[in-house]
Amino acid sequence: MTAEPLALYIHWPFCLAKCPYCDFNSHVRERIDQTRFAAALRRELAHEAEALGPRPLASIFFGGGTPSLMDPATTAALIEDATRFFQPVEGMEITLEANPTSVERQKLADFRAAGVNRLSLGVQSLDEKALRFLGREHSASQAIAALETARATFPRLSFDLIYARPGQAEAEWRAELRQALALAADHLSLYQLTIEPGTRFATEYARGAFRLPDEEEASRMYLATRDEAGLFGLLPYEISNYAKPGAESRHNLAYWRYGDYLGIGPGAHQRLLGPEGMLAIRRHRAPEPWAELVERQGHGTAGEERLTPEERGREAMLMGLRLTEGVDPARIAQRAGLPFEAIVDQGMLEALAEEGYLATSPDGRLIATDEGRLRLDALLPALLR
Ligand SMILES: C[S@@+](CC[C@H](N)C(=O)[O-])C[C@H]1O[C@@H](n2cnc3c(N)ncnc32)[C@H](O)[C@@H]1O
Ligand code: SF4
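One structure accompanies this document, and this report is about it. Model, not experiment: these values are computed from the prediction.

1. Concerning the side chain of Thr-95
Assignment of secondary structure puts Thr-95 in strand β3 (residues 87-98). When sequence neighbours within four positions are dropped, the list of residues in contact with Thr-95 reads Ile-60, Phe-61, Phe-62, Val-116, Arg-118 and Ser-120.

2. Describing the site of ligand 2
With respect to spatial proximity, the complete set of residues near ligand 2 consists of Cys-15, Ala-17, Lys-18, Cys-19, Tyr-21, Cys-22, Ser-26, Gly-65, Thr-66, Asn-99 and Arg-136. A class-by-class count of the residues in the shell around ligand 2 yields five nonpolar, four polar and two charged.

3. Let's talk about the site of ligand 1
Taken together, 18 residues are adjacent to ligand 1, and Gly-65, Asn-99, Gln-124, Asp-160 and Thr-194 come closest. Backbone polar atom of Tyr-21 to a nitrogen atom of ligand 1: 3.0 Å apart, as the coordinates give it. Interatomic distance of 2.7 Å between a side-chain N/O atom of Asn-99 and an oxygen atom of ligand 1. Here ligand 1 has 560 Å² of accessible area as a free molecule, and 93% of this is covered by the chains. For the shell around ligand 1, the secondary-structure elements that each account for two or more residues are β3, β4 (118-124), β5 (156-163) and β6 (187-192). In terms of residue class, the shell around ligand 1 is made up of six nonpolar, eight polar and four charged.

4. Topic: the packing of aromatic side chains
Scanning the entire structure with this criterion turns up 13 aromatic pairs. For the pair Tyr-255 and Tyr-261, a centre-to-centre distance of 4.7 Å together with 75 degrees between the ring planes defines the contact as edge-to-face. Among the aromatic residues, ring-to-ring pairing joins Tyr-21, Phe-133, Phe-201, Tyr-205 and Phe-210 into one connected group. The cationic tip of Arg-84 hangs over the ring face of Phe-85; the distance from NZ or CZ to the ring centre is 5.4 Å.

About the criteria used
- Residues numbered from 1 in each chain as written.
- Chains lettered and ligands numbered in written order.
- Predicted model: local features only at pLDDT ≥ 70, side-chain atom pairs only at ≥ 80, totals over all residues.
- Heavy atoms only, no water.
- Helix = DSSP H or I, 4+ residues; strand = E, 2+ residues; numbered from the N terminus.
- Contact = heavy atoms within 4.5 Å.
- Near = heavy atom within 4 Å.
- Nonpolar A, V, L, I, M, F, W, Y, C, P; charged D, E, K, R; others polar.
- Polar contact = N/O pair within 3.5 Å; in protein donor to acceptor, adjacent residues only side chain to side chain.
- Areas by Shrake-Rupley, 256 points an atom, 1.4 Å probe, with all protein chains shown as cover.
- Phe/Tyr/Trp six-rings, centres within 6.5 Å; stacked < 30°, edge-to-face > 60°.
- Lys NZ or Arg CZ within 6 Å of the ring centre and 35° of its normal.

It is worth stressing that arrangement in space is one thing and function is another; only the former is reported here.
Following this line, the structure appears as structure tokens:
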């Protein structure tokens, strides 16, 4: 078995404020102990690198939380460590997620100097009222200013928007999206607002404080999104991600194609396929206890398990069918360690294809159609054995 190039994820778990919709592993602290967390991240990375030995490295992704709150010297040190432990592939992608507040805008040049070559900016909306509803710490004009600085600073740039918000009609979303597309470079992440359990929005929604567009309206908005983005040459390559051909996020593609990835930092996940199967690791979620574990034993692992071939097949399908390119049955079988026929119910596959939810490409890939991708959650349990 030849080792695939690695994708490296590094989690920064802090934010200035908790957004009411967000269930990411993010925490607000009066003061962040930068020195302690920098040391712990570097130590956990060194621990994993030593266990793994030299491998090609295709991408690094600093996610959060809000990694733009990290001291850029920490970003630089982690990139340096990673490129020393592993062999960076030509044009290795290094992404950092950033918030568009003015403080962070001033740090962008330092992140670029640290080696970051792709910025992903959490704009969320270009409408002031919507930004207040979403509990954001920045205005639309600050977001636009950050976008302009980012465009001038980084070779690659993406930004996030959240649509299908309460009271938002398709026409309004089209107008906001057109404004965003005019500001876009070669990549956008466009998410429908989801109500995540345990968030402030979940409580407010249950109380009836606001309503969301119904399923039909949300589907129309999804299809409108594809049309508008297409006019600007941005094509959907995953349910919520749009890029000019060649500008797809290589790091995120590694997850969706069920590649090997390392996960460093609180709450991070890791998947590595080796001779003994697929090892899944998850780190302790709470930042300080995670740091204590790393300080004590070199890593903050909270759980480690060998996935069964069935679990691997399920995960690979779950990720892969999100992609416009769909899945290659031979690859799924290789990553799962099971024949494709043992993962997917062939009768159900044919039935779902007949109903227009699935299709097979001329080169034998299995693809979810637009209709199918909108209903993946319902489709997959039926499709998988
Ligand atoms: C880790 S955050 C990105 C970086 C940064 N913390 C920020 O907020 O700007 C990941 C992205 O997921 C999206 N997101 C998070 N929770 C969501 C939800 N409940 N519904 C829709 N999108 C959501 C947001 O667009 C957010 O930018
Ligand atoms: S959306 Fe971003 S800034 Fe807001 S709480 Fe989540 S991770 Fe933090």
